[in-house]
Structures are given as C-alpha cells and as structure tokens.
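The lines below spell out each chain.
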Amino acid sequence: MKNLQSDLPRSHYGLFALGFRSLFLLAGLGGFALILAWLLYQHHGVMFAGLSYYTPNLWHAHEMVFGYTMAVIGGFLLTAIVNWTRRPTSTPLTLALLSFIWIMGRLVAFIPSIPGWLVAFVDSLYLIMLAVMIAIPLIQAGNKRNYFMIGLVSLFAIINITVHGAILSGEYGWARSLTNFVFYWVLLLIVVMAGRVFPMFSQNGVPERYVAKRYANIELMIPPMMIAWILTLSLAPQMTWLWGGFTLINMVLHGIRLYGWYNHQIWLKPLVWVLHIGYLMLIIGFGLMFAMIFKPGFYYLALHVLTIGCLGIITVGMMTRVSYGHSGRNLHNPPKLLGPIFGLLVLSVIVRSILPLLGVLSHFNGMLISGGLWVLAFLLFVIRYIPVWFKPREDGQPG
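This one's a predicted model, so the numbers in the text were calculated from it and none came from an experiment.

**Some details on the overall build of the chain**
Argument step 1. On a plain count of helices and strands, the chain comes out with 13 helices and zero strands.
Argument step 2. Traced from its N-terminal end to its C-terminal end, the chain shows the element sequence α-α-α-α-α-α-α-α-α-α-α-α-α.
Argument step 3. Here the C-alpha atoms of the chain give a radius of gyration of 20 Å, agreeing with the 21 Å that 2.2 N^0.38 yields for 399 residues.
Argument step 4. Relative to its full complement of 399 residues, the chain shows a buried share of 55%.

Right, here's the structure in full:
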C-alpha cells in the first residue's frame, strides 16, 4: 500500500496516517468522557450548556449516536475504503481537519451562552465532510458495491441537520425519534458488515481453522427484514403486531446466522468471542424489544442491550482488531488486556439491563454501576492503544 500514500518520511506516519488512528482515538476518548459527563450529571447534578440546548436525555442519545458512533464509522470507512479501492481516502491534513471538526462538535455544547444555530452548524460539519471523503475514492474507483456507504453517511448527515432543526424549533420528541432512527440504521450497517467479515474473522482467528457456515437464504432475508423492522418501528410504533412480527423474524434469522458462525474454539481468542457476544446481544435485544409489547417498561432495558451490548461491544471489538492489524501487528498475539476490557463491557450490559430485569438492581443503580464499568473499559482501551495509534506501523509500511 505504499503507492497509496504520500512520500512523507516514515517518521511522519503516525496519528494522521490513516483514518482509524485519529478517529478511533477520538471514539475511545469520547466513549470515556461522554459517559463520564452523563454519570456526573445523573449522580451529582453537574450541569453544562449542552444540556440546555439538547435536554439531558437527548444530549446523551445524540452524542453516543452522532458523536461516538460516527467517529467509529468514520475511522472504519476511511481505512476499509483504501483496501476496497486501492486509493487513499485522506491526507494527514484532511484527516487532522476532520478530527478537529469532530472534537469541536463535542465541545461546542459545553460553551456557555453559545447560540443554538452555531451548535447546530459546527456539529453538522463532520458527517458532511466524511461523506465527501468516502465518496471521492469510491466513485473514482467505480466501486459500485459500496456506493450505499455514501448514501448511508449522507443520510446520517441530513438527519443530523434535521435533528438540530427540530431542536431549534422546540420539537425535542421529533429530534429524539430521528436519533433513534439513525441508531437503528447503524444496527443495519453492523449487520451488513458482520455478514461480510465475522465468518472470516472467526474461522481464521482460532487455533484450528474451521469453515463458518453461511446460509444463502438467511443472508438474502436479513437486510430486507432489518429494513422492514426499522421502518415499521419508526413510522408505525402503534402497530405493535406489525413491528413485533418483524422483531421476532429478525431474532430467529440472526440466531440462525450466529449459530452457523459458531465454533467452540472462539472462546480461546478474545478478538473472536467479543464479536460473537456482541452479535448475541443483538438477538437478546430483539427478544426484549418483543417483550416490550407486553411490558412497556422494558424499553430502556432493551435499548441498552442494543446500545451497550451490540453497538458498544462490537465497535470496541472491531476497533481493537482494525487498529492492531492495520498497524502491522500480529493479530494472533493481541494485547492481554483485551480480555478484561471486553469483560468489563459485557458486565456493563448485564448490570444495566439484565440485573434490573431480574430485580437484583434498581434501574438507577444499574445505570451508575454500568456506566462506571463502561468508563473503566474505555479508559483501559485508550491507554493500551495510544502507542498503536501514534507510532508508525511495526512492519515499516506506511499507513
């Protein structure tokens, strides 16, 4: 991949050499700081300007979806598209600018007395720039298979602008619904990418290679069934029989899919079992979403199984893998700290959703303890991976 990069000396390849480096660092710092700020508000009543612009619950949802998650997606796409197209997706300057815009999008909410329109403007820039950065190499290479990524990121950008328009109009409920809508599309993106890479990561990542099973009919059914679930849940939430039916169908389809990928050897490799656990959380989340029809109080339990459990665990699992592999390190000998980091995230979702469901913990205490486990996991993740993101590749290659 040397021909994809500039002629900078090797010593210059560091934080802004490739998309995963700076954006995964920001995602890690965001995962730590955004939840810590949320805990300080919940437990100690610490207030900041962003809570007045967004309202507390909307700020929390918006920042985890449009802040943390979009940093992960940006880092992944700017790295993966280089492999898909054999073309660069950024220069050190453009990546530094994109990273700076992301940071300002988070910090702007903490500036007292800042006009709401300025918060909206600054926060909207990141996804617009990201859409342009991924579109250029994909279109130049004629990589039509992945054109949908341009459409998806552009959709996220448009919806984020619409969210801010709703906030400025005082339509906070509409803003929250749009934020949830984007989160559901993120789940679809996870499902699509999981189908492409999880079987390969599973069978190649264990001591004795096996063949992960893929069921053609299941693979064909999953995307339209996910889209049907998203649209019915978002547009017709009162028709519980309709979206509830799609919820059950998805639970079964994803259960069959995960069963085909499974092999007992995965438990020997944290970089593999973390992906399976994260995908299992998607299935459990669907189960709780269906139960929500009969027990509406299950909503936040189901939501956090999908957010902490599926989104959180899978994104951290992928960031640790991509960072290690794309920095020239041996994926068969990953950091020993990964097991504890992943374990903390699993405990986080258990404490947040499962223990309150069983009546062992109150929802409030579950939230505080779960948040503490999440913050600790991300702190360890960032500390361990800072050298990976800042140092040049170990194999001497650029990137």
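**So, the layout of surface pockets**
Argument step 1. In this structure, the largest pocket encloses a volume near 590 Å³.
Argument step 2. Elements supplying a minimum of two residues to the lining of the largest pocket: α1 (19-44), α3 (56-85), α7 (172-204), α11 (299-325), α12 (338-357) and α13 (363-390).
Argument step 3. Examining the composition of the lining of the largest pocket, we find that seven residues originate from one element, α11, more than from any other.
Argument step 4. For the lining of the largest pocket, the residue count by class is 15 nonpolar, 12 polar and two charged.

**Focus: helix α10 (residues 270-291)**
Argument step 1. With 22 residues, α10 ought to run about 32 Å at 1.5 Å a step, and its terminal C-alpha atoms sit 31 Å apart, in line with that.
Argument step 2. Most of α10 sits out of view: 16 of its 22 residues are buried.

**Focus: empty space enclosed by the protein**
One simple way to see leftover space: roll a probe sized like a water molecule over the atoms.
Argument step 1. If you walk through the whole model with that rule in mind, you get two cavities of 30 Å³ or more.
Argument step 2. Approximately 260 Å³ is the volume attributed to the largest cavity.
Argument step 3. At the level of secondary structure, the elements contributing two or more residues to the lining of the largest cavity comprise α3, α7 and α11.
Argument step 4. Per element, the largest residue contribution to the lining of the largest cavity is seven residues, and it comes from α7.
Argument step 5. Taken together, the residues of the lining of the largest cavity break down into 16 nonpolar, one polar and no charged.

**Comments concerning unusual backbone geometry**
With the exception of glycine, the majority of residues adopt a negative phi angle, and the majority of peptide bonds are in the trans configuration.
Argument step 1. Residue T55 is not a glycine yet carries a positive backbone phi of 80°.
Argument step 2. Mapped onto the fold, T55 is located in the loop between α2 (49-54) and α3.
Argument step 3. According to the relative accessible area criterion, T55 is partly exposed, its value standing at 26%.
Argument step 4. Positive phi, normally seen in glycine, also occurs at R86, with a value near 60°.
Argument step 5. Topologically, R86 is positioned in the loop between α3 and α4 (92-107).

**A look at the packing of α7 against helix α9 (residues 240-261)**
Two quantities define a packed helix pair, namely the angle between the axes and the distance from one axis to the other.
Argument step 1. Put simply, α7 and α9 touch, their axes get as near as 10 Å, and they point 20° apart. Classified by the angle between their axes, α7 and α9 sit roughly parallel to one another. Handedness of the α7/α9 crossing: right-handed. Only H254, R257 and W261 of α9 make contact with α7, whose side of the interface consists of V191, A194, G195, F198, P199 and S202.
Argument step 2. Of the residues assigned to the contact of α7 with α9, the class counts are five nonpolar, three polar and one charged.

**Concerning the confidence of the model for the chain**
Argument step 1. Put simply, the chain has an average pLDDT of 93, and 96% of its residues get 70 or more.
Argument step 2. Between the elements of the chain, mean pLDDT differs from a low of 81, seen in α2, to a high of 98, seen in α10.
Argument step 3. The low-confidence segment residues 1-12, where pLDDT is below 50, has 20 contacts with residues more than four positions distant or belonging to other chains.

**Description of α12**
Argument step 1. Taking 1.5 Å of rise per residue, 20 residues should cover 28 Å, and α12 covers 28 Å from first to last C-alpha, within 8% of that figure.
Argument step 2. Most pronounced at V351, the bend in α12 amounts to some 40°.
Argument step 3. Immediately downstream of α12, the backbone of G359 shows phi near 80°, a positive value.

About the thresholds
Residues numbered from 1 in each chain as written. Predicted model: local features only at pLDDT ≥ 70, side-chain atom pairs only at ≥ 80, totals over all residues. Heavy atoms only, no water. Helix = DSSP H or I, 4+ residues; strand = E, 2+ residues; numbered from the N terminus. Rg over C-alpha atoms; globule rule 2.2 N^0.38 Å. Buried < 20%, exposed > 50% of the residue type's maximum accessible area, 1.4 Å probe, protein only. 1 Å grid on protein atoms, 1.4 Å probe; cavity = no way out; pocket = protein on both sides within 12 Å on 5 of 7 lines; lining within 4 Å. Points joined across faces, edges and corners; volume = space filled by probe spheres on them. Nonpolar A, V, L, I, M, F, W, Y, C, P; charged D, E, K, R; others polar. Expected span 1.5 Å × (residues − 1). Axes fitted to C-alpha atoms, helices over the stretch in contact; angles between N-to-C directions. Parallel < 35°, antiparallel > 145°, perpendicular 65-115°, else oblique. Left-handed = near helix turned anticlockwise from the far one by under 90°. Contact = heavy atoms within 4.5 Å. pLDDT = per-residue confidence, 0-100. Bend = angle between axes of the 7 residues up to and from the residue.

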